[in-house]
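If you want the building blocks of each chain, they are given just below.
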Amino acid sequence: MVDSQYYLPNDIGVSALHCGEAFHLLSPQEKMYAHYLSRAAWYGGLVVLLQTSPESADIFVLLQRIFRKQTPAQLEQVATAAGLSSEEYQAFLVYAAGLYANMGNYKSFGDTKFIPNLPKDKLKALVRASQAFQDQPAEMEALWDSCSCLLYSLENKQKQLGLGDKGITTYFSGNCCLEDAELTQKFLDSKKLSAYNTRLFKKDSGEKACYEVRLASAVQKGQNCSETYAANDNQRKMLEEYRRSFTFGSVDAHKEGSRYWIKDKGPIVESYIGFIESYRDPFGSRGEFEGFVAVVNKAMSERFARLVSSAEVLLPELPWPKEFEKDTFLKPDFTSLDVLTFAGSGIPAGINIPNYDDIRQSEGFKNVSLGNVLAVAYATQKEKLTFLEEEDKDLFIKWKGPSFEVQVGLHELLGHGSGKLFVQDDNGKFNFDQSKMMNPETGEVVSSWYRGSETWDSKFTTIASSYEECRAECVGLYLCLNKQVLSIFGHEDKDAEDVVYINWLSMVRAGLLGLEFYTPESKSWRQAHMQARFVILRVLLEAGEGLVGLKEVTGQDGKPDARITLDRSKIHTVGKNAIHRFLRKLQVFKSTADVEGGRALYDNYSTVDNGGAHDFLRLRETVLLRKEDRKMFVQANTRVSGDSVELVEYEGSAAGLIQSFTERFQDDAEQLEADLLALRKRDAPCWC
C-alpha cells in the first residue's frame, strides 16, 4: 500500500472559481485587456512544468494528447473495456486534474510528489486503448516510455522537491548541492545579477567545475510590442517593460515594469506576471513563474482601503522601536479581487508584491486579496474539522472566513509591508545612523547590516521565505487584537472577540496541521507558510500558563487523534506578550541582516522531534492519518468572438478541470506540445 500522502483521493474537493459576475461588468475594452493578459499568463505558466520536475512536461503532453481526442466522458467507455473499474478511472481523472492544477506532479502546497492511485499496468492499458494512441502509436509509445517510470517512482529522493540528496529540483542540475548554490549566489551578488529568473547547471570538466547560469529569455531581436487594450500609459509602459524582460531575460526590465505597475493605482482589471515567488527553489532565491488576471471586488476592497488609511496609526503599535520601521510608510494599493486567471503551480489567498526589496523599501508595493479564492478555499464541513473540541466547531465554521479576511489584510499590508532593512549602499552611504542605532535585544550598537546588492533573500537564503511568512503571520495575530482593526472589518463587541479567538485558534490548529509538510528523513520543511505556523504554535506552547493545550487522544474510530485548545481569556495577556517578544526578535534579526542569530532562532522553533512535552514526530503521523487534501480550482477561459469576449466556465469536477485545460491551448496545441517536449529533451541529461 502506498502512503496516502503520495496520491490524491477520489473524493478530493474540486470547486469552480466563479468570476462571471465581476467579468460581465467590464467594458468591452477591459474584457479584451483581460483576455489577452490571460493568454499571456496561461502560456507563460507552462514554464512551471519545466521548473517542477524532469517528467512533468512529458506527463502534461501525454494527458493533453489523450484528452484532445476524447473527453473524460468518451474515454470512460474505453477505460471500462480496458479493464479499469469505475474507481480506477476516477483515480486517473483525479490524477490528471491534479497534474494540471499543480502544473506538475508535485503538490504546489507542500512539494510532495503524487502518483496515480491505480496500478501502472491499468494506466498503461488505458493509454494504449485511447484514440490518441490508435492515431499515433509510435509517438504515444515513446511518450509513455519517457515518463512512465518517473510517473510512478517513489524512491526517497523523488518523494519531494529538494536540493542534492534531499529531493528533486529542476532549478539546479542533478549534480548540484548546497555548496554550489552558495558559491554561485556570491558570484551573482558580486556582479549585481539577480537569480530570480535563472537556473543553475554544473558541468564537471576534469579538475574544474564549470557553472552555467541560464536566464529565462526569448532573445528575439526586432520584435515590436503589439497594440494593447491598456487603460492608461502606466499599463502600456508596464507591458512594454515586461516584454523586454521576457525577450532578453532582464530582471531590471521586470523591475521597471513593476514600478509602472505600482503607479497604476486601483485598476479595474489587475494583473501581474513574471518570475515571482521563491518558495520552491530549495535555495530560496529563484522565482517560479506565475501570472494572474483579476477583477475588482468593490465591497471587500473598501474595507481594505480603510485598513490602508489606518496604517500610520497601527504601525507604531508593532513591538519594535520606530527606528526599525520604514522612514516613510508607502501606502500600497490594497484591493480585493475576483480571480479570472491564475497560472502557475497554485492559487494563494493573498499576495504582496513586488518581491524586490529595494522597490518595496523606497517606492511601494501592492496588496491583493483574492476574494473568490477565500470564499471557496476555506469553506469547511463540520464532519471534516479535525483536532478541535466539539464546542469550538460551530464557532470555527461561523467565523473562519471573516477572521481569515482580517488575518490576510494584516498579514499582507502591515506584515510584509512593515519593517526597515538597514543598508549601506555601494557608495558607503547608510540609511540609518550606524554610530547610534541600538539593538533592542542586546542593548548594544547595531553591528551588522546589508551591504551593496545584498538582499533579504540572498542573505537568509533557505529560511528567508518561511521566516518572512512567520513575521507577517505574527503581525496579523498581534494587530487583530486592536479594536480599531476589528471595527474596520465590521466586527464589534462579542463578535469582535469571537473573530480574535477563531483567528488565534485557526493559527494554532494550522501549526499542528503543518506537520504534514515536514519530512523526517531529510529533517526539512516543504512549505514556507506551514513551517511558519508550526513555529508560532511552538512559541505559544512555550508561553505556558495554560494558553494553548495540545494532547494526544484516541478518536471515536479507535485510531490516534489529537485535541488543541486555546484559553481565550489569556489571548490579550499571555498570548500577546509571547508574540510581542518573538516578533521583535524576528524584526531585529531581519533589519540587521543577522543571519546567524535569525537562523538559530528560527531553526530552534522549527525543530520536529519526540523530545520535550510533545512528541511531534508521533503527532505528525496522526496529522497524516486524518489529513484533508487541499481543494483544486477549476478556472474559466476567455475567447474572442467577433468584437466581444466570451467567458467560458466549467463544472467544479475533475472532468471540468481537465476540459478547461484541453480547451485552453486549442489553437496551437501540436506546436506547443512539440516545443515543451524539445525543451524537456534538451535538459534531460542534466538530471541523470
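All chains use their own residue numbering, which begins from 1 and follows the written sequence. For a predicted model such as this one, the threshold for reporting local features is a pLDDT of at least 70, and the threshold for listing and counting side-chain atom pairs is 80 or more; totals across whole chains, interfaces and linings nevertheless cover every residue. Note that water and hydrogens are dropped before the side-chain values are worked out from all heavy atoms of the structure.

- The protein is annotated in an unreviewed UniProt entry as Dipeptidyl peptidase 3 of Mastacembelus armatus.
- Check the Subcellular location (unreviewed entry) section of the UniProt entry for the protein; it says "Cytoplasm".
- UniProt positions are given in the numbering used here, feature names are shortened, and annotations may be inferred rather than shown by experiment. On record in UniProt, under Catalytic activity (unreviewed entry), the comment for the protein is "Release of an N-terminal dipeptide from a peptide comprising four or more residues, with broad specificity. Also acts on dipeptidyl 2-naphthylamides."

### Concerning the overall build of the protein
- The secondary structure content of the protein amounts to 26 helices and 17 strands.
- At 25 Å, the protein has a C-alpha radius of gyration in line with the 26 Å of a compact globule built from 688 residues.
- Once the C-alpha set of the protein is aligned to its principal axes, its extents read approximately 75 × 65 × 65 Å.
- Under the scheme applied here, a residue whose accessible area is under 20% of the maximum for its type counts as buried, over 50% as exposed, and between as partly exposed, the area being computed with a 1.4 Å probe on protein chains only. When the 688 residues of the protein are sorted by exposure, 58% land in the buried category.
- Considering only contacts within the protein whose residues lie at least 6 apart along the sequence, 75% involve residues at least 24 apart. Think of it this way: any DSSP run of H or I at least four residues long counts as a helix, any run of E at least two long counts as a strand, and we number them from the N terminus. Each radius of gyration is computed over the set of C-alpha atoms, and the globule rule expresses the reference value as 2.2 Å times the number of residues to the power 0.38. Residue contacts are counted whenever heavy atoms from the two residues lie within 4.5 Å of one another.

### Some points on the nonpolar core
- Throughout, nonpolar core names a set of buried Ala, Val, Leu, Ile, Met, Phe, Trp, Tyr and Cys residues whose side chains join them through atoms within 4.5 Å. The biggest cluster of nonpolar side chains holds 104 residues, and the ones touching the most others in it are F60, F67, F92, F292 and L370.
- The dominant element in this core, judged by the number of residues it contributes, is helix 6 (residues 86–102), at nine residues.
- Where each domain begins and ends follows an automated or database-derived domain assignment. Here this core gathers at least three residues from each of two domains, domain 1 (39–164 + 647–686) and domain 2 (307–334 + 358–626).
- Residues W449, F460, I463 and V499 belong to the second largest nonpolar core, which totals 90 residues.

### Description of the packing of aromatic side chains
- Stacked, edge-to-face and tilted are the three classes for Phe, Tyr and Trp ring pairs, Trp counted by its six-membered ring, which pair at centre distances within 6.5 Å; planes under 30 degrees apart are stacked, over 60 edge-to-face, the rest tilted. Inspection of every chain in the model, using the stated rule, returns 32 aromatic pairs.
- Between F304 and F489, the aromatic rings sit 5.8 Å apart at their centres with planes inclined by 75 degrees, giving edge-to-face as the arrangement. Pair noted here: F304 is in helix 13 (residues 298–309) and F489 is in the loop between helix 19 (483–488) and helix 20 (493–513), with a separation of 185 residues, a long-range link.
- Taken together, W42, Y43, F60, Y100, F661 and F665 form an aromatic cluster joined through their ring pairs.

### Some thoughts on helix 12 (residues 251–263)
- Expected span of a helix, by definition, is 1.5 Å for each gap between consecutive residues, and there is one gap fewer than residues. End to end, helix 12 covers 19 Å across 13 residues, agreeing with the expected 18 Å (1.5 Å per residue, within 8%).
- Among the residues of helix 12, those classed as buried are V251, A253, H254, K255, G257, S258, Y260, W261 and I262.
- Buried-residue contacts for helix 12 involve helix 11 (233–248), strand 4 (269–277), strand 7 (350–353), helix 15 (357–362) and strand 8 (366–370).
- Measuring from the backbone nitrogen of D252 back to the side-chain oxygen at the start of helix 12 gives 3.4 Å, which picks out S250 as the cap. Nitrogen and oxygen atoms within 3.5 Å of one another constitute a polar contact, given that in protein one can donate a hydrogen and the other can accept it, and given that sequence-neighbouring residues count only through two side-chain atoms.

### Concerning the pattern of salt bridges
- A carboxyl oxygen of Asp or Glu within 4 Å of a side-chain nitrogen of Lys or Arg is what we treat as a salt bridge. For the structure on display, the rule yields 46 salt bridges.
- Here E270 makes a salt bridge to K366, at a shortest N to O gap of 2.9 Å. In this pair, E270 sits in strand 4 while K366 sits in strand 8, placing the two residues 96 residues apart along the sequence. Like K366, E270 is buried.
- One network of salt bridges, in which partners are shared, links R199, K203, E212, R214, R682 and D683.

### Looking at the UniProt feature "binding site: Zn(2+)" (unreviewed entry) in the protein
- UniProt tags H411, H416 and E469 as "binding site: Zn(2+)" (unreviewed entry). Taken along the chain, the residues just named run across 59 residues; in space they keep tight, none of their C-alpha pairs more than 8.3 Å apart.
- Mapping H416 onto the fold places it in the loop between helix 17 (390–415) and strand 9 (423–424).
- Since its relative accessible area comes to 8%, H416 is described here as buried.
- If you trace the backbone, E469 turns up in helix 18 (residues 456–479).
- On the basis of relative accessible area, E469 is assigned to the buried category, the value being 5%.
- Contact partners of E469, with chain neighbours within four places excluded, come to Y279, H411, H416, H529 and A532.

### As for the domain arrangement of the protein
- Per the domain assignment, the segments making up the protein are domain 1 (39–164 + 647–686) and domain 2 (307–334 + 358–626).
- Of note, the centres of domain 1 and domain 2, computed from C-alpha atoms alone, are 36 Å apart.
- Contacts between domain 1 and domain 2 engage five residues on the former and six residues on the latter.
- Three residues, F109, G110 and Q160, lead the burial of domain 1 against domain 2; their summed loss comes to 74% of the area buried on that side.
- Counting every contact that joins domain 1 to domain 2 gives two residue pairs in polar contact (both at pLDDT 80 or more). A quick way to say it: buried area is the sum, across both parts, of accessible area lost when two parts are put together, with a 1.4 Å probe.

### What to know about the side chain of R626
- Position of R626 relative to the elements: it lies in the loop between helix 24 (616–625) and strand 15 (632–634).
- A polar contact is formed between the side chain of R626 and the side chain of D557, at a distance of 2.7 Å.

### Notes on the pairing of strand 7
- Of the two faces of strand 7, the one holding G350 and N352 and the one holding I351 and I353 are both buried throughout.
- A pair of strands is labelled paired if DSSP reports no fewer than 2 bridges between them. As defined by bridge partners, strand 7 adjoins strand 8 across four bridges and the pair is classed as antiparallel. Considered in strand 8, the bridge of N352 is made with N367.

### Some details on helix 20
- With 21 residues, helix 20 should reach 30 Å at 1.5 Å per residue; the first-to-last C-alpha distance of 30 Å fits that figure.
- Burial analysis of helix 20 places 16 of its 21 residues in the buried class, the great majority of the element.

### A closer look at the pairing of strand 2 (residues 198–205)
- Sheet topology note: the strand 2/strand 3 (residues 208–215) ladder contains eight bridges and is antiparallel. Bridging across to strand 3, S205 finds its partner in K208.
- Connecting the antiparallel pair strand 2 and strand 3 is a turn made up of two residues, with G206 showing a positive phi of about 70 degrees.

### Quick look at a nonpolar patch on the surface
- Residues Y36, Y229 and V640 make up a contiguous nonpolar surface patch of about 270 Å² in total accessible area.
- Tracing the backbone shows V640 in strand 16 (residues 637–641). The patch calculation keeps residues exceeding 30% relative accessible area without a salt bridge and links them within 9 Å when they carry like charges or within 5 Å when they are nonpolar (Val, Leu, Ile, Met, Phe, Trp, Tyr). Each accessible area is a Shrake-Rupley result for a 1.4 Å probe, and residues are judged covered by the shown protein chains and nothing else.

### Overview of the confidence of the model for the protein
- Summary statistics for the protein give a mean pLDDT of 93 and a share of 98% for residues scoring 70 or more.
- The model gives residues 220–226 a pLDDT under 50, and that stretch makes seven contacts with residues more than four places away or in other chains. Values of pLDDT, which run from 0 to 100, indicate the predictor's confidence residue by residue.

### Comments concerning the UniProt feature "active site" (unreviewed entry) in the protein
- Listed under "active site" (unreviewed entry) in the UniProt record, and renumbered for this structure, are E412.
- Counting through the fold element by element, E412 comes out in helix 17.
- Residue class for E412 comes out buried when judged on its relative accessible area of 7%.
- With residues up to four places along the chain from it excluded, the contact list for E412 reads F334, G350, I351, N352, N367 and G417.

### Overview of the packing of helix 22 (residues 571–591) against helix 23 (residues 595–606)
- All axes are obtained by fitting lines to C-alpha atoms, using only the stretch in contact for helices, and the reported angles, taken between N-to-C directions, cover 0 to 180 degrees. Here helix 22 crosses helix 23 at 140 degrees, and the two axes come no closer than 9 Å. Of the possible angle classes, the one that applies to helix 22 and helix 23 is oblique. The handedness of the crossing between helix 22 and helix 23 comes out as left-handed. Contacts between helix 22 and helix 23 pair F582, K585, L586 and F589 from the former with G597, G598, L601, Y602 and Y605 from the latter.
- Here the residues of the contact of helix 22 with helix 23 are counted per class, giving six nonpolar, two polar and one charged. For this classification, under 35 degrees means roughly parallel, over 145 means roughly antiparallel, 65 to 115 means roughly perpendicular, and everything else is oblique. Left-handed is the label given to a crossing in which the near helix is rotated counterclockwise from the far helix by less than a right angle, and right-handed is the label when the rotation is clockwise. All amino acids are sorted into three groups, where Ala, Val, Leu, Ile, Met, Phe, Trp, Tyr, Cys and Pro are nonpolar, Asp, Glu, Lys and Arg are charged, and the leftover types, Gly among them, are polar.

### Some remarks on the packing of helix 18 against helix 20
- Contact geometry for helix 18 and helix 20: axes closest at 9 Å, N-to-C directions at 150 degrees. When the axes of helix 18 and helix 20 are compared, the pair comes out roughly antiparallel. In the packing of helix 18 onto helix 20, the handedness of the crossing is left-handed. Across the interface between the two elements, E473, G476 and L477 from helix 18 touch N503, W504 and M507 from helix 20.
- Per-class residue counts for the contact of helix 18 with helix 20 are three nonpolar, two polar and one charged.

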